[in-house]
Amino acid sequence: MITQYLFYFLTFTAIFCALLVVFSKNPIYSALYLIVTFFATAGHYFLLNAQFLGAVHVIVYAGAIMVLFIYVIMMLNLNKEVEPHKSNIIKIAATVCGGILGLVLIAALRETELGEITEYSNNGIGLIEKLGNVLFGAYMVPFEISTVLFLSAMVGAVFLSKKNIH
Amino acid sequence: MLSTEIIYKIILILAVFTVTLVVALYSTFAERKVAAVLQDRYGPNRAGPLGMFQPFADGVKMFTKEEFIPGNADKQLFILGPSIAMLTCLMTGAVIPWGGDLTIGDYIFKLQVTDINIGILYLLGVVSVGVYGIMIGGWASNNKYSLLGALRASSQMISYEIAMGLALIALVMMTGSLSLGEIVRQQDEGLANIVYQPLGFLIFLVCAFAETNRAPFDLPETESELVGGYHTEFSSMKLGFYLFSEYINMFISSALIATLYFGGYNFPFQHSLGIEGNALSIVQTVVFFGKIFFFIFFYMWVRWTIPRFRYDQLMKLGWKTLIPLAILNLFITGIVIGFKNGFFN
Amino acid sequence: MILNDFFIFMKQELMLLFIIFLLLLIKVGKDRSNESLLYLINLLLLINVIAGFILPGEGSLFSDMFRTNPLIALEKNMLNIGTLIISMQSYSWLKSHKHLLEFYILMISTLLGMFYMISSGNLLMFYLGLELSSIPLAALVNFDLEKKASSEAAMKFILSSAFSSGLLLFGVSLIYGTTGSLAYAEITSHLSTDPLQIFAFVLFLAGFAFKISAVPFHFWTADVYEGAPVAITSYLSVISKGAVLFVFVSVLYTVFKPLADVWYGMLFVLSISTIIIGNLFAIRQDNFKRFLAFSSIAQVGFILVGISGSSSMGTAAVIYFVLIYIFSNLGAFGVVSIVSSLTGKERISDYKSFYKTNPFLSWILTIALFSLAGVPPAAGFFGKFFLLIAGAEKGNYLLISIAALNMIVSFYYYLRIVKSVFMEPNESPIESLTIPLISKVALYICLLGIVILGLWSVVYDYIFTLSPIF
């Protein structure tokens, strides 16, 4: 009962704040609304008993990535006058395309027959011990490859920020 | 309709809140007294016997000053900044085990608001979100010095979060659990974690200093360089919130260091003293607060002893020294645990 | 023993990892001269190519996260050879570049990602390989830090590639939601022509089509290819495209087999529009890199014709064509790379009377362009021939005739360059260039590849025997 109310509250918050991210004029406000959206999504993870995932979602997204976003916005001092003006035709075309994609998705969802939902009898699912076992057992290769991804992304980022000393 | 558990939790939350605020209040006073001792002078001694009512005088001063929001400042963000700072620093008190269990009648009351099994992740999350209080405050002031202070503060805090997390990972590897209550219980059975993780303790200590923006890492609010840093434009209660949140952060960090590395509310030979049950729990809580006060004193001692870092030295320390050390610590801990569990036979 | 399997099956990836770490350690150590480093790295890449041919195994590791069989090993060897040729061709550009080691670290990381993408048996591993192969490329596209065109190209590349990866991931998550698993074998058993699964497949196809620059998703190609340094352009157009094509073929034929009728129609539309638009735009280009971008878009259209035929002939034809395409495209790009690094000229109109001053280079360019156009006896003719035969399996003669007609159009723009190289006068032709020995060897390898592959049927037969029957 209370989880149902919580679910609707979190969903409403997430969608509303996501819309505000797109529609608000001040870029710092957009970033702050995005942070609230991330918190709402983390709340959804907690409702699904994915505790580690929810906590790490907050730490990584709301705590590190958005800090860097806001850092860049502050440094570049972006505001409405600097933004390039797009013609109305492009905005209308983009809305139409996005709307059609959403329409097709909703239509496909309505037509689909869902399979049976089997209840998991494993009560420990989502807990961090089980996650650790799976991460270092069956999913070892993706885990190690993601470390190579981070390493090369770091090398690329450090390289891109090198200044030319003419 | 409310069960005993909920009423008890509400009372416990209010108690933790009040104790936090009172301790932070008197920390402001203790800071000035410790500074006075270290600088061979008297310190505040007018507002009551030995100056004991000085914090209340400061509080009244803060309340009665004029609330001034600068003209071009963003009003909502201006109020939001100190609020976030205060919110996040108070939230951490929810997962710290303040003492053993109290048994009254049939009920066992734990002196820890919630013992979630991802306690350390919760701490890291709250610390990460705490950066926003400073950043938003600095941006909303519409002032170059505030902005510089905010940028310095945020880059410093996110740099030292990494080393802190890595030091904590080694601790978690040893303990096998992320919940703070479990970590304290294990230190009851063995030795305090500082014996097993000396390097981790050093790294965590340095990072705790950086995260709370205390000297020698107080570049964001240096008076000599940045007028007031990120809290230049704030006055009256908003400034009070910022300054107060720094002391609450200090209190909470000391509590964390005591919990994670020094045994929390346990003390040596606690089971062979002859006291049991509730009396033991109360003694444990008193000992815990003793440890906290020692670390608060340590914070103040370091502040008035060591000069502050330059910005590039600070970044170099965070990225080029602490992170490799923390990884080395992780590596050594891993090898030792491997040997203990017989992986290398 | 499991450990033995691990080292034998993953030997190519482990070798690449070893090279990456070696380069990182060299970077941390003291400075060495660029030339000695270049010799070392090219030697390592050569060893990498040779070692890839030894002991191809067959099996799967880590519960199907990593599969290998002789066909996959052959695909990886082809990519290795391509990388070696690119590295040898950009010798003169890299000799005086400050950030030599970052170039190789990033490039080999992308190669590693492509290897994992090709040999994955699970959508999670596939996506990780895809990301590993595209994120360092964004840094590589911006490798000339001074030029503004590079930064613009890198910006376009990373934004569009992130967006398309996001769409692909949405498709993958919908597939997971409707089938309950991410492993290839289990997905196939649960797929049917459910509307939501078709929608997921469309998103998946959109992600793929972006990477191979099929037509409605090709808008990033021209600007990125023009702005990036020539070595990276050749890498993008040959290796990146080739790897994604390999995965595309294997995923389409195995995982999405139940949806065969659905994707046949989509590939029909995609291939026709790709060939037509690629040809139309290539006619008007003056910048050589942009020209090669549109020509590669047209080549991809032909490959899509071959894929739409399905069956094992399609797989063999595609792999054979990619091999030929590697040699011919790298031949053309090699000439452009040498000219660009030694003189800085990149426009087609600068190549008039190229024959008078640089006969060797102009012959290589001519033969490479003949192969790209499909003039026999250059290998490109045989590659396109097999592709059209594979495409005709389903009996769709409209597609084949449109493709054949467009081949004639493409003759025009390829041979126009040959004509201007040999016959048109120029007051200030490109001066006679001294090519470093390594680049000369690379150009000879491309030439050999083009000439031999078409005529020596052993190669095609070998590939055909390896292609599984679907």
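Preceding block: the structure.
Residues numbered from 1 in each chain as written. Chains lettered and ligands numbered in written order. Predicted model: local features only at pLDDT ≥ 70, side-chain atom pairs only at ≥ 80, totals over all residues. Heavy atoms only, no water.

### Examining the overall build of chain A
Each helix and strand counted, chain A has six helices and zero strands in total. Element order for chain A, N to C, with α for helix and β for strand: α-α-α-α-α-α. Residue pairs at least 24 apart in sequence account for 55% of intrachain contacts in chain A once pairs closer than 6 positions are excluded. (Helix = DSSP H or I, 4+ residues; strand = E, 2+ residues; numbered from the N terminus. Contact = heavy atoms within 4.5 Å.)

### Some details on the overall build of chain C
Within chain C, the regular secondary structure consists of 21 helices and two strands. Its C-alpha atoms give chain C a radius of gyration of 21 Å, within 12% of the compact-globule value 23 Å for 470 residues. Taking the principal axes of the C-alpha coordinates as reference, chain C spans close to 65 × 60 × 45 Å. When burial is assessed residue by residue, chain C has 63% of its 470 residues classed as buried. Taking contacts inside chain C between residues at least 6 apart in sequence as the whole, the part at least 24 apart equals 83%. When the accessible surface of chain C is summed, it comes to about 16800 Å², and 69% of that surface belongs to carbon and sulfur atoms. Charge-centre separation for chain C: the mean point of 26 positive side chains lies 7 Å from the mean point of 25 negative side chains. (Rg over C-alpha atoms; globule rule 2.2 N^0.38 Å. Buried < 20%, exposed > 50% of the residue type's maximum accessible area, 1.4 Å probe, protein only. Areas by Shrake-Rupley, 256 points an atom, 1.4 Å probe, with all protein chains shown as cover. Lys, Arg positive; Asp, Glu negative; His and termini not counted. Charge placed at Lys NZ, Arg CZ, Asp CG, Glu CD.)

### Looking at the arrangement of the chains
The interface with the most contacts, out of two pairs of chains in contact, is the one formed by chains A and C. Left apart from each other, chain B and chain C have a closest C-alpha approach of 13 Å.

### A short note on the interface of chain A and chain C
The interface of chain A with chain C comprises 26 residues on the first partner and 34 residues on the second. Interface area, chain A with chain C, both sides summed: about 2700 Å², of which 83% is carbon and sulfur. Summed over the shared surface of chain A and chain C, the number is one salt bridge. A salt bridge links Glu102 of chain C to Lys162 of chain A; its shortest N-O distance comes to 3.3 Å. Joining chain A to chain C, the criterion identifies one residue pair in polar contact (both at pLDDT 80 or more). Within the residue set of the side of chain A that touches chain C, elements represented by two or more residues are helix H4 (88–111) and helix H6 (140–160) of chain A. For the side of chain A that touches chain C, the leading source of residues is H6 of chain A, giving 13 residues. Its residues assigned to classes, the side of chain A that touches chain C comprises 17 nonpolar, six polar and three charged. (Buried area = accessible area lost by both parts, 1.4 Å probe. Salt bridge = Lys/Arg side-chain N within 4 Å of Asp/Glu carboxyl O. Polar contact = N/O pair within 3.5 Å; in protein donor to acceptor, adjacent residues only side chain to side chain. Nonpolar A, V, L, I, M, F, W, Y, C, P; charged D, E, K, R; others polar.)

### A look at the interface of chain B and chain A
Listed per partner, the contact involves 23 residues of chain B and 25 residues of chain A. Contact between chain B and chain A buries roughly 2000 Å² in total, counting both sides, with carbon and sulfur atoms accounting for 76%. Inspection of the chain B/chain A interface yields zero salt bridges. Our enumeration of links across chain B and chain A arrives at five residue pairs in polar contact (both at pLDDT 80 or more). Within the residue set of the side of chain B that touches chain A, elements represented by two or more residues are helix H3 (75–91), helix H4 (119–140) and helix H5 (144–175) of chain B. The greatest single-element share of the side of chain B that touches chain A, amounting to 10 residues, is contributed by H4 of chain B. A breakdown of the residues in the side of chain B that touches chain A according to their chemical character gives 16 nonpolar, six polar and one charged.

### Let's talk about the nonpolar core
Grouped together as the largest cluster of nonpolar side chains are 193 residues, with contacts concentrated most on Phe103, Tyr104, Phe126, Phe256 and Ile307 of chain C. If one sorts the elements of this core by residue count, helix H15 (residues 311–343) of chain C sits on top with 20 residues. When sequence neighbours within four positions are dropped, the list of residues in contact with Phe256 of chain C reads Ile175, Leu191, Phe201, Phe204, Val251 and Trp263 of chain C. Grouped together as the second largest cluster of nonpolar side chains are 72 residues, Ala55 of chain A together with Phe201, Cys207 and Tyr261 of chain B included. (Core = buried A, V, L, I, M, F, W, Y, C linked by side-chain atoms within 4.5 Å.)

### What to know about a nonpolar patch on the surface
Together, Leu325, Leu328, Phe331, Ile332, Ile335, Val336, Phe339, Phe343 and Phe344 of chain B make up an exposed nonpolar region whose accessible area comes to about 910 Å². Within the secondary structure, Phe339 of chain B is located in helix H12 (residues 311–340). (Patch = residues over 30% accessible without salt bridge, like charges linked within 9 Å, V, L, I, M, F, W, Y side chains within 5 Å.)

### Thoughts on the pairing of strand E1 (residues 101–104) of chain B
Pairing of E1 of chain B with strand E2 (residues 107–110) of chain B, which is carried by four bridges, proceeds in the antiparallel orientation. Opposite Thr103 of chain B, over in E2 of chain B, you have Ile108 of chain B as the bridge partner. (Pairing = 2+ DSSP bridges.)

### So, helix H13 (residues 260–283) of chain C
Between its terminal C-alpha atoms H13 of chain C stretches 35 Å, which fits the 34 Å expected from 24 residues at 1.5 Å a residue. Looking at the buried residues of H13 of chain C, the elements they touch are helix H10 (195–211), helix H12 (230–254), helix H14 (288–308) and helix H19 (397–422) of chain C. (Expected span 1.5 Å × (residues − 1).)

### Focus: the environment of Gly391 of chain C
Residue and element names in this part refer to chain C. Mapped onto the elements of the fold, Gly391 is located in helix H18 (residues 379–391). Sequence spacing of Gly391 and Ile187 is 204 residues, and the spatial spacing of their C-alpha atoms is 26 Å. Sequence-distant contacts of Gly391, that is, excluding residues within four places in its chain, are made with Val305, Gly306, Gly309 and Ile400.

### Quick word on the packing of aromatic side chains
One pass over the full model with this rule turns up 62 aromatic pairs over all chains. For the ring pair Tyr26 of chain B and Phe56 of chain B, a centre distance of 6.2 Å and an interplane angle of 75 degrees mean the geometry is edge-to-face. Of the two residues, Tyr26 of chain B is situated in helix H1 (residues 4–38) and Phe56 of chain B in helix H2 (residues 54–64); the sequence distance between them amounts to 30 residues. When its relative accessible area of 25% is taken as the criterion, Tyr26 of chain B is described as partly exposed. Relative to Phe291 of chain C, the ring of Phe288 of chain C has its centre 6.1 Å away and its plane inclined at 85 degrees; by these criteria the two rings are edge-to-face. Linking Phe288 of chain C with Phe291 of chain C, this pair stays in helix H14, spanning three residues, or about one helical turn. (Phe/Tyr/Trp six-rings, centres within 6.5 Å; stacked < 30°, edge-to-face > 60°.)

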